[in-house]
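# A closer look at the structure
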Amino acid sequence: MKPTSHHFKENAARALTDVQLQRALGNIGEGFVNKRASARDALPEFDALRDRAKAIKDHTIEHLDLYLEEYERKVTEAGGQVHWAATAKDANEIITWICRDAAALSVTKGKSMVAEEIGLNEALEGAGLEVVETDLGEYIIQNRHEPPSHIIAPAVHLNKDQVIADFRAKHTHLPADRQLDEPSALVGEARSVLREKFLRAEVGITGANFLVAETGSSVIVTNEGNGDLTQLLPRVHIVVTSIEKLVPTLEDMNTLLRVLARSATGQDITAYTTLSTGARRRGDPDGPEQFHVVLVDNGRTDMLGTVFQDMLRCIRCGACLNHCPIYNAVGGHAYGWVYPGPMGAVLTPSLIGVQEAGHLPNASTFCGRCEEVCPVRIPLPKMMRHWREREYDAGGTGLLPRIALKSWAFFARHPRLYRLFAGPAIAALARLGGKRGRLSWLPLAGGWTAHRDLPAPSGQTFQARWRAHQRAQRKRRVRGKR
Ligand code: SF4
């Protein structure tokens, strides 16, 4: 997928006037947010589990080399093969080679953000293979030639009528007058079309939510069971995933699963949790003849030891997206690459550079909800601030914001001057705000006031109010002594 993250502002402006998109985004708050809150309330040890999950991920990332080696050893012992891909290009070449070696014509695919990141579908289609997405949301957007707009709900930006129209256009072999109004009818139709694809594919590709070093297993969670059919029916199973998905033991995986499902969809546990360990063994009733794992780096080792290392804890639950006022206003496509919302605002510049994606960390009100709900306690606002500094240093910040920031820095370093100017300025703004206490226009703040009023300040600086408070307290103490 070619990034358009540097067009974030234009993308966001377009999204804000897209009536259909706005209606679809309106449903997110009611769904995911409330379900997560209920799941959290029903589990008293939820916050303790989050601490444990954070500790597991921190420990693994600090010893990543050792756990990766252990994982490879266990996969090999189980009859599988691990391939190391330093870049997206390497990963695509390895997977294409495995498909060619298997004389494959058709590939089924489970949902994988890493596959989106490396542009796997385009690479395989370019090599002449048919690629079929088997997750319902991914299948819907594949038919529209669109990227996902959410990391766990790829088609959340669409409404039912759009999906019905797409199914009618795509499935022309079915009767034109069939009823598709009920969601169950759409699911049934997708299932019947995909069944034939499942049976025909020579290769099945899945991602992995976790890799377990102790056993060499890869773990996927789905609510549709499509991942199981993708990895069990074809002759060859390829797992494509990134190196930070590792956890040391099955017990650690269990802890992470408990916070993943609750944070993502508000479920106690996702409907299907499937562990794959090696290829089919003698006597197994089913399973692939070949089992390959393609471990993608693509910039992650460059994050180790930096202020962005904490981002490698991310377990892709999507909670930060669901709770983000910016994501909820503009949707995922505005972010212009694979990873949207607060996690994308940190991860995208790390993977494709601040020149391309330096705008994204500005798409935050710093309300802190993303960090508050993150199951592995990633300090997203702090890391966005680091990216803002780097964007500034790289010259990506516009002239007016640069002047404003430089002026602010000057006054912040000269508190007397700050007090001299801030007092009268705040008093004047309070007067301008009038009885309503709001400003509908302000020079240099057009980006804010074009869409909403700016609350006027109270009329006094915090320092003036603090001094007044201290004076009042002193007076009270003196009176008390008399
Ligand atoms: S940053 Fe945290 S909340 Fe966001 S997707 Fe990753 S784990 Fe989930």
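Since we're looking at a predicted model, the values are computed, not measured. (Residues numbered from 1 in each chain as written. Predicted model: local features only at pLDDT ≥ 70, side-chain atom pairs only at ≥ 80, totals over all residues. Heavy atoms only, no water.)

## Quick notes on the side chain of Thr270
What counts, and what does not: Put simply, DSSP marks the helices as runs of H or I at least four residues long and the strands as runs of E at least two long, and each gets a number from the N terminus on. Under the scheme applied here, a residue whose accessible area is under 20% of the maximum for its type counts as buried, over 50% as exposed, and between as partly exposed, the area being computed with a 1.4 Å probe on protein chains only. Only heavy atoms matter for contacts: two residues are in contact if any of them lie within 4.5 Å across the pair.
In this fold, Thr270 is placed in the loop between helix H12 (250-264) and strand E9 (272-276). On the basis of relative accessibility, which here comes to 12%, the residue Thr270 falls in the buried class. Not counting residues within four places of it along the chain, the set of residues in contact with Thr270 comprises Val221, Thr222, Asn223 and Ala261.

## Some details on the pattern of salt bridges
Formally: By convention in these notes, a salt bridge is any Lys or Arg side-chain nitrogen within 4 Å of a carboxyl oxygen on Asp or Glu.
Tallied over the full model, the rule gives 23 salt bridges. One salt bridge in this structure joins Asp268 and Arg262, with 3.7 Å as the shortest N-O distance. Classification of Arg262 by relative accessible area gives buried; the value is 9%. Each of Asp47, Arg50, Asp51 and Arg377 takes part in salt bridges that share partners, so that together they form one network.

## Notes on the side chain of Asn121
As a reminder of what qualifies: In protein, a polar contact means a hydrogen-donor-capable atom and an acceptor-capable atom, both N or O and within 3.5 Å, with residues adjacent in sequence counting only if both atoms are side-chain atoms; elsewhere, any N or O pair within 3.5 Å suffices.
Looking at the element boundaries, Asn121 is found in helix H7 (residues 120-126). Taking relative accessible area as the criterion, Asn121 reaches 15% and is therefore assigned buried. Among the polar contacts made by the side chain of Asn121, one reaches the side chain of Lys109 at a distance of 3.5 Å. When sequence neighbours within four positions are dropped, the list of residues in contact with Asn121 reads Lys109, Val131, Glu133 and Gln142.

## Remarks on the sheet that holds strand E6 (residues 217-222)
Across a sheet, paired strands are connected by hydrogen bonds in the backbone, their directions being either parallel or antiparallel. How we decide: When DSSP locates at least two bridges between a pair of strands, those strands are taken to pair.
The sheet built from four strands is open, its strands ordered E8-E5-E6-E9 with mixed pairing. Only two strands of the sheet have a single neighbouring strand rather than two, namely strand E8 (246-247) and E9. By the bridge criterion, three bridges tie strand E5 (residues 210-212) to E6 in an arrangement that is antiparallel. Residue Phe210 lies in a different strand from E6, and its bridge partner there is Val219.

## Details of the domain arrangement of the protein chain
Put simply, an interface is often sized by how much accessible area is lost when its parts join up. Counted only if it meets this: Residue ranges labeled as domains rest on an automatic or database domain assignment.
Assigned domains of the protein chain: these are domain 1 (43-303) and domain 2 (409-480). For domain 1 versus domain 2, the separation of C-alpha centres amounts to 53 Å.

## What about helix H5 (residues 88-101)?
Note the following rule: Each residue after the first adds 1.5 Å to the expected span of a helix.
Look at H5: 20 Å from first C-alpha to last across 14 residues, which is about the 20 Å you get at 1.5 Å a residue. If you check which residues of H5 are buried, you get Ala88, Ala91, Asn92, Ile94, Ile95, Thr96, Ile98 and Cys99. Trailing H5 by a residue or two, Ala103 shows a phi angle of about 55 degrees, which is positive.

## Let's talk about the nonpolar core
The cut-off we apply is this: Residue types Ala, Val, Leu, Ile, Met, Phe, Trp, Tyr and Cys, when buried and joined through side-chain atoms within 4.5 Å, form a set referred to as a nonpolar core.
Within the largest apolar cluster, 88 residues are counted, with the highest numbers of intra-cluster contacts made by Ile95, Met311 and Tyr339. Once you skip the residues sitting within four places of it in the chain, Ile95 turns out to touch Ile118, Leu120, Leu124, Ile205, Ile238, Val240 and Val294.

## Here we look at the site of the ligand
Under the convention used in this document: Being near a molecule or strand, for a residue, comes down to having at least one heavy atom within 4 Å of it. The residue classification treats Ala, Val, Leu, Ile, Met, Phe, Trp, Tyr, Cys and Pro as nonpolar and Asp, Glu, Lys and Arg as charged. All others, Gly included, are polar.
The environment of the ligand is formed by 13 residues, the closest being Cys314, Cys317, Gly318, Cys320 and Cys374. Taken together, the residues of the shell around the ligand break down into 11 nonpolar, one polar and one charged.

## Quick look at the sheet that holds strand E10 (residues 290-296)
Let me state the cut-off plainly: Lines are fitted to the C-alpha atoms to define the axes, a helix being fitted only along its stretch in contact, and any angle between axes, read from their N-to-C directions, falls within 0 to 180 degrees.
Pairing within the open sheet is parallel, and its six strands lie in the order E1-E10-E7-E4-E2-E3. Looking at strand neighbours, the two that pair on one side only are strand E1 (81-85) and strand E3 (130-133), the edges of this open sheet. Ignoring strand direction, the axes of neighbouring strands in this sheet form an average angle of 20 degrees. In this structure, strand E7 (residues 236-242) lies alongside E10, joined through seven bridges in parallel fashion. Bridged to Ser242 within E10 is Val296. Contacts from H5 reach E1, strand E2 (106-109), strand E4 (203-206), E7 and E10 within the one sheet, and its direction differs from that of E1 by about 145 degrees. The strands that helix H10 (residues 183-200) touches are E2 and E3; relative to E3, the one it contacts most, it runs at about 130 degrees.

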